[in-house]
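For reference, the chains in residue letters:
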Amino acid sequence: MQVKAPPVLPGCDGEATGSAVNGQVPESELCDLWGGYPPIRADAAVALARLNQAYTERFGEPMCLTDGYRS
């Protein structure tokens, strides 16, 4: 039996169709990041959260973000 790793962003499945043009991505394909940062496309959010985990392990604090998805 394969044990599934816990999600890096609870409530975010990391699924985005990629069919919407920039500025028109539906909210259902956006995920909030850690620390209250603005939402970004779900697949990018999961990849960025994994990168942030590695960054935090290396430097002892999360990455600093200033922007997210803009309509």
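Refer to the structure above for everything that follows.
Reference entry: report on the structure contained in this document. The structure presented is a predicted model; accordingly, all values stated were derived computationally and were not measured.

## Here's the deal with the overall build of the protein chain
(1) Moving on: Looking only at helices and strands, the protein chain has one helix and two strands in total.
(2) Moving on: Of the regular secondary structure in the protein chain, the N- to C-terminal order runs β-β-α.
(3) Moving on: The 71 residues of the protein chain split such that 24% are buried.
(4) Moving on: In the protein chain, once contacts between residues fewer than 6 apart in sequence are set aside, the share between residues at least 24 apart is 51%.
(5) Moving on: Accessible surface, the protein chain: about 5400 Å² in total, of which carbon and sulfur atoms supply 50%.

## Some words on the nonpolar core
(1) Moving on: Grouped together as the largest cluster of nonpolar side chains are twelve residues: Leu 9, Cys 12, Cys 31, Leu 33, Trp 34, Ile 40, Ala 42, Ala 45, Val 46, Ala 49, Met 63 and Leu 65.
(2) Moving on: Of the residues forming this core, the biggest block, four residues, is contributed by helix H1 (residues 42-59).
(3) Moving on: In this view, Leu 9 contacts Asp 32, Leu 33, Trp 34, Ala 45, Val 46 and Ala 49; residues no more than four positions away in its chain are not counted.

## Looking at the state of the cysteines
(1) Moving on: The tally for this structure, following the rule as stated, stands at one disulfide.
(2) Moving on: Between Cys 12 and Cys 31 runs a disulfide, and the two sulfur atoms are separated by 2.1 Å. One quick way to see it: the torsion about the S-S bond of Cys 12 and Cys 31 is about 90°, and its sign makes the bridge right-handed. With a gap of 19 residues between them, Cys 12 in the segment before strand E1 (30-31) and Cys 31 in strand E1 connect regions that are remote in the sequence. Grouping residues by exposure puts Cys 12 and Cys 31 together as buried.

## A closer look at the packing of aromatic side chains
(1) Moving on: Tallied over the entire structure, the rule returns one aromatic pair.
(2) Moving on: Between Tyr 55 and Phe 59 the ring centres are 4.7 Å apart and the planes differ by 45°, which places this aromatic pair in the tilted class. Pair noted here: Tyr 55 and Phe 59 are both in helix H1, with a separation of four residues, about one helical turn.
(3) Moving on: Here Tyr 55 falls in the partly exposed class, since its relative accessible area comes to 30%.
(4) Moving on: According to the relative accessible area criterion, Phe 59 is partly exposed, its value standing at 48%.

## Some points on the pattern of salt bridges
(1) Moving on: Inspection of the entire model under this criterion finds one salt bridge.
(2) Moving on: Arg 41 is paired through a salt bridge with Asp 43; the nearest N and O atoms lie 2.6 Å apart.
(3) Moving on: A residue is classified by how much of its surface remains accessible, and Arg 41, at 32% relative accessible area, is partly exposed.

The rules we used
Sequence order as written defines residue numbering, which begins from 1 separately in each chain. Only residues with pLDDT of 70 or above have their local features reported here, since the model is predicted, and side-chain atom pairs are shown and tallied only from 80 upward, although totals for entire chains, interfaces and linings are computed over all residues. In computing side-chain properties, one takes all heavy atoms of the structure into account and sets aside hydrogens as well as water. Strands are runs of DSSP state E lasting at least two residues, helices are runs of H or I lasting at least four, and both sets are numbered from the N terminus onward. To sort residues, take the accessible area from a 1.4 Å probe on protein chains only and compare it with the maximum for the residue type: under 20% means buried, over 50% means exposed, and anything in between is partly exposed. By the convention used here, residues are in contact when the closest approach between their heavy atoms is within 4.5 Å. For every accessible area listed, the method is Shrake-Rupley and the probe measures 1.4 Å; residues are considered covered only by the protein chains on display. Working definition of a nonpolar core: buried Ala, Val, Leu, Ile, Met, Phe, Trp, Tyr and Cys residues. They are joined through side-chain atoms within 4.5 Å. Counting rule for disulfides: a pair of cysteine sulfur atoms within 2.5 Å. Aromatic pairing here means that ring centres of Phe, Tyr or Trp (its six-membered ring) are within 6.5 Å. Orientation follows from the plane angle: under 30 degrees is stacked, over 60 is edge-to-face, and everything else is tilted. By definition here, a salt bridge exists when the distance from a side-chain nitrogen of Lys or Arg to a carboxyl oxygen of Asp or Glu is within 4 Å.

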